[in-house]
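A look at the structure
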Amino acid sequence: VGLRTEGMFVSLQEPSLYTVKAILILDNDGDRLFAKYYDDTYPSVKEQKAFEKNIFNKTHRTDSEIALLEGLTVVYKSSIDLYFYVIGSSYENELMLMAVLNCLFDSLSQMLRKNVEKRALLENMEGLFLAVDEIVDGGVILESDPQQVVHRVALRGEDVPLTEQTVSQVLQSAKEQIKWSLLR
């Protein structure tokens, strides 16, 4: 529960499950690779991109992990040519936001076989979207264990509907089924 002082009065902030306002991944030029906003703090893409440029300019040269920016708490980390950000309100618990950030980073690290860099991430955007959806839903933190996230992403990856499979995946599946039917 956060405290806010207004004049001589102290008001208590209502506790909320909606802890995450946004998750961002920017490249080393500050350009968006991934952005998911969970509220309307920045309703237009133009406002979001301006915020992302501001956040990148304030954080890309520092070694710290936490920043207060535009009334928001920002936790971040970098890896090779990527910058990961988890954003919450100014009264949000930094440890909770850091748990989300570490879970996302560690999940991607396992999924990308420790190769957390721009090219590998771009080749596995589907995995990134699934991982983020497993960690946070609508701003509510669902999971902070990277092992669970990677496991669930792998399960969801296997359940790809036929319409979303590539032709080679369909042919490979058909070959497997024919092979097993002939061996019976």
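Residues numbered from 1 in each chain as written. Predicted model: local features only at pLDDT ≥ 70, side-chain atom pairs only at ≥ 80, totals over all residues. Heavy atoms only, no water.

Some details on unusual backbone geometry
- Phi angles above zero are rare outside glycine, and I80 is one such case at about 50°.
- Within the element layout of this structure, I80 appears in the loop between β6 (72–79) and β7 (82–89).
- A relative accessible area of 69% means that I80 is categorised as exposed.
- With a phi angle near 65°, K114 is a residue other than glycine that sits in the positive phi range.
- Note that K114 resides in the loop between α2 (94–111) and α3 (118–123). (Helix = DSSP H or I, 4+ residues; strand = E, 2+ residues; numbered from the N terminus. Buried < 20%, exposed > 50% of the residue type's maximum accessible area, 1.4 Å probe, protein only.)

Some points on α2
- End to end, α2 covers 25 Å across 18 residues, agreeing with the expected 26 Å (1.5 Å per residue, within 8%).
- Among the residues of α2, those classed as buried are L97, M98, V100, L101, C103, L104, F105, S107, L108, S109 and M111.
- For α2, the N-terminal cap is N93; the gap from its side-chain oxygen to the backbone nitrogen of L95 is 2.8 Å.
- Of the residues trailing α2, R113 is marked for its positive phi of about 55°. (Expected span 1.5 Å × (residues − 1). Polar contact = N/O pair within 3.5 Å; in protein donor to acceptor, adjacent residues only side chain to side chain.)

Quick word on the packing of aromatic side chains
- Counted under the stated rule, the structure contains six aromatic pairs.
- Measuring from centroid to centroid gives 6.4 Å for Y37 and Y42, while their planes differ by 70°, and the two rings are edge-to-face.
- Relative accessible area serves as the criterion here: at 10%, Y42 is assigned to the buried category.
- A ring pair is formed by F56 and Y83, whose centres lie 5.2 Å apart and whose planes are at 90°; its orientation type is edge-to-face. Here Y83 lies in strand β7 and F56 lies in helix α1 (residues 45–59), a separation of 27 residues in the sequence. (Phe/Tyr/Trp six-rings, centres within 6.5 Å; stacked < 30°, edge-to-face > 60°.)

Brief notes about the confidence of the model for the chain
- Per-residue confidence for the chain gives a mean pLDDT of 84; residues scoring 70 or more make up 85%.
- Mean pLDDT values for the elements of the chain range from 52 in strand β1 (residues 3–6) up to 95 in strand β3 (residues 22–27). (pLDDT = per-residue confidence, 0-100.)

Quick word on the side chain of T59
- Tracing the backbone shows T59 in helix α1.
- Looking at T59, its side chain comes within polar contact range of the side chain of Y85, at 2.7 Å.
- Ignoring any residue separated from it by four or fewer positions in sequence, one finds T59 in contact with A67, Y76 and Y85. (Contact = heavy atoms within 4.5 Å.)

Re the pairing of β6
- The buried fraction of β6 is high, at six of eight residues.
- Of the pairings in the sheet, the one linking strand β5 (residues 66–69) to β6 comprises four bridges and is antiparallel in character. Opposite I66, over in β6, you have V75 as the bridge partner.
- The loop that links β5 with its antiparallel partner β6 comprises two residues; one of these, E70, has a positive phi angle of about 50°. (Pairing = 2+ DSSP bridges.)

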